[in-house]
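# Fold and geometry: a report
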Amino acid sequence: MYVAEATAHGGRNGYVTSQDGQLELKVAMPPALGGDGNGTNPEQLFAAGFSACFHNALVMVGRRAGLDLSGSTVAAKVGIGPNKQRGYGLAVALSVSLPVVDEAVAAKLVDEAHEVCPYSNATRGNIEVTILLG
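Residues numbered from 1 in each chain as written. Predicted model: local features only at pLDDT ≥ 70, side-chain atom pairs only at ≥ 80, totals over all residues. Heavy atoms only, no water.

## Side note on the overall build of the protein
- Scanning the protein from terminus to terminus reveals three helices and six strands.
- When its helices and strands are written in sequence order, the protein yields β-β-β-α-β-β-α-α-β.
- In terms of its C-alpha atoms, the protein occupies a principal-axis envelope of roughly 45 × 35 × 25 Å.
- Surface exposure of the protein reaches about 8,500 Å², of which carbon and sulfur atoms provide 54%. (Helix = DSSP H or I, 4+ residues; strand = E, 2+ residues; numbered from the N terminus. Areas by Shrake-Rupley, 256 points an atom, 1.4 Å probe, with all protein chains shown as cover.)

Have a look at this one:
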């Protein structure tokens, strides 16, 4: 259906570009990892992508259920740290706000969105993903 292309130049201290020219961002190590933080980083980009994708899945399942989810939001926190294989791993926490539906309906919609979202499907069984409904 669609393929995105991006290229990294200089790793975590360089820049990233998309093939279509829509994306050109400076990348820098965050201060917590010893960098100057003078740019975005892969974890922020992953958080932006996951939150946007999950929110779209949520709106889609809401629409299928005949619900208008105006005012809803999805925020993502992506953490990085050492894993058991002496490498590094990620963990994701999604915070979902659905102010227009009751908690039971919201929980059902979140579960359905988690099954539909491509980021959820890509990460399932690979990294810890926590979804908080608030």
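Let's pick the thread back up.
## A closer look at the sheet that holds strand E5 (residues 88-97)
- Taking strand neighbours across the sheet as the criterion, the three strands line up as E4-E5-E6 in an open arrangement whose pairing is mixed. What marks the edges here is a single partner per strand, and that holds for strand E4 (73-82) and strand E6 (128-133). Sheet twist, expressed as the mean angle between neighbouring strand axes with direction ignored, is 15 degrees.
- Along the sheet face, helix H1 (residues 42-64) touches E4, E5 and E6 and points at about 145 degrees away from the line of E4.
- Across the sheet, helix H2 (residues 103-116) is in contact with E5 and E6; its angle to E6 comes to roughly 155 degrees. (Pairing = 2+ DSSP bridges. Axes fitted to C-alpha atoms, helices over the stretch in contact; angles between N-to-C directions. Contact = heavy atoms within 4.5 Å.)

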